[in-house]
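# Examining the three-dimensional arrangement
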Amino acid sequence: MTPTTNKQNGDGFQRIFKATTCSFQGFKAAWLHESAFRQELVLSILLLPFSFYLAQSRLHWLLLFGCLLFILFAEVINSALEALADSITREHCILIGRAKDLGSSGVFIALSFLVVVWGEALLNLFV
C-alpha cells in the first residue's frame, strides 16, 4: 500500500520538479512586482565580481556571497508576507502592521549584516 499525499505538488521526484517551477514563478513575481527585490538583485550582481577580489580565502568568499543571498532571501520572505497580508485586508490592522514591520526588520538585519561583513573586507583591503 502506497501512502497518499494531499500536497498539491505531489511527492517524490515529481514534487521536486513542481516545487522548482514554483520557485522560478516566485523569482519572476519578485522581479515583476517588487522594486526592492530588483534593486537588491542588481546590487548583488554588481557586488559579486568584487567579492572575488576582496575575499582572502574560499571561506571568506562564501561569507561575502552568502550576505548577498541573505538579502535576497530576506526580501523574498518580506515580500511574501506583505502580499499575504494585503490579500487579507488593506485596512489598518495592528497585527498585520506589526507583521509587515517585522518582515521589514528582517531585511534591515540582512542589509546590516552585509554592511558589517563587506565593510570588514574593505577595511582589510585598505589597512
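Residues numbered from 1 in each chain as written. Predicted model: local features only at pLDDT ≥ 70, side-chain atom pairs only at ≥ 80, totals over all residues. Heavy atoms only, no water.

For the rest of this paragraph, the subject is the overall build of the chain. A tally of regular secondary structure across the chain gives four helices and zero strands. Starting at the N terminus, the α and β elements of the chain follow one another as α-α-α-α. For 127 residues, the compact-globule estimate of 2.2 N^0.38 gives 14 Å, and the C-alpha radius of gyration of the chain, at 19 Å, exceeds that figure by more than 25%. Projected onto its principal axes, the C-alpha positions of the chain cover 60 × 45 × 25 Å. Residues counted as buried form 21% of the 127 residues belonging to the chain. Within the chain, counting contacts between residues at least 6 apart in sequence, those at least 24 apart form 59% of the total. Accessible surface for the chain amounts to roughly 9,500 Å². Of this, 69% is attributable to carbon and sulfur atoms. Averaged over its 9 positive side-chain charges, the chain has a centre that lies 9 Å from the centre of its 9 negative ones. (Helix = DSSP H or I, 4+ residues; strand = E, 2+ residues; numbered from the N terminus. Rg over C-alpha atoms; globule rule 2.2 N^0.38 Å. Buried < 20%, exposed > 50% of the residue type's maximum accessible area, 1.4 Å probe, protein only. Contact = heavy atoms within 4.5 Å. Areas by Shrake-Rupley, 256 points an atom, 1.4 Å probe, with all protein chains shown as cover. Lys, Arg positive; Asp, Glu negative; His and termini not counted. Charge placed at Lys NZ, Arg CZ, Asp CG, Glu CD.)

A word on helix α2 (residues 35-54). Here α2 contains 20 residues, and its C-alpha end-to-end distance of 28 Å stays within 8% of the 28 Å for a straight helix at 1.5 Å per residue. Taken residue by residue, α2 has Phe37, Glu40, Ser44, Leu47, Ser51 and Leu54 as its buried positions. Among the structural elements, α1 (12-33), α3 (58-88) and α4 (94-126) are those in contact with the buried residues of α2. (Expected span 1.5 Å × (residues − 1).)

Quick look at the nonpolar core now. Within the largest apolar cluster, 13 residues are counted, with the highest numbers of intra-cluster contacts made by Leu64, Leu114 and Trp118. Going through the elements one at a time, α2, α3 and α4 are the ones with two or more residues in this core. The residues contacting Leu114, other than those within four sequence positions of it, are Leu47, Cys67, Leu68, Ile71 and Gly119. (Core = buried A, V, L, I, M, F, W, Y, C linked by side-chain atoms within 4.5 Å.)

Together, Leu63, Phe70, Phe73, Val76, Ile77, Ile109 and Phe113 make up an exposed nonpolar region whose accessible area comes to about 610 Å². Residue contributions to the nonpolar patch peak at five residues, all from α3. Summarising the element assignment, Phe73 is placed in helix α3. (Patch = residues over 30% accessible without salt bridge, like charges linked within 9 Å, V, L, I, M, F, W, Y side chains within 5 Å. Salt bridge = Lys/Arg side-chain N within 4 Å of Asp/Glu carboxyl O.)

In the contact formed by α3 and α4, the axes pass within 9 Å of each other and the chain directions differ by 170 degrees. Classified by the interaxial angle, the pair formed by α3 and α4 is roughly antiparallel. Here α3 and α4 pass one another in a crossing that is left-handed. A per-class count over the contact of α3 with α4 returns 20 nonpolar, five polar and five charged. (Axes fitted to C-alpha atoms, helices over the stretch in contact; angles between N-to-C directions. Parallel < 35°, antiparallel > 145°, perpendicular 65-115°, else oblique. Left-handed = near helix turned anticlockwise from the far one by under 90°. Nonpolar A, V, L, I, M, F, W, Y, C, P; charged D, E, K, R; others polar.)

Quick look at the packing of aromatic side chains now. What describes a pair of aromatic rings is the distance from one ring centre to the other and the angle between the planes of the rings. Applying the stated criterion across every chain yields a total of four aromatic pairs. Three or more aromatic residues link up through ring pairs in this structure, and these residues are Phe52, Trp61 and Phe65. (Phe/Tyr/Trp six-rings, centres within 6.5 Å; stacked < 30°, edge-to-face > 60°.)

Below, the discussion takes up the packing of α2 against α4. Two elements in contact, α2 and α4, have axes whose closest approach is 12 Å; the angle formed by their N-to-C orientations is 30 degrees. What the angle tells us is that α2 and α4 run roughly parallel. Seen along the crossing, α2 lies across α4 with a hand that is left-handed. Taking contact as the criterion, the partners of Glu40, Leu47, Phe50, Ser51, Tyr53 and Leu54 in α2 are, on α4, Val107, Leu111, Leu114, Trp118, Ala121, Leu122 and Leu125. Of the residues belonging to the contact of α2 with α4, the class tally is 11 nonpolar, one polar and one charged.

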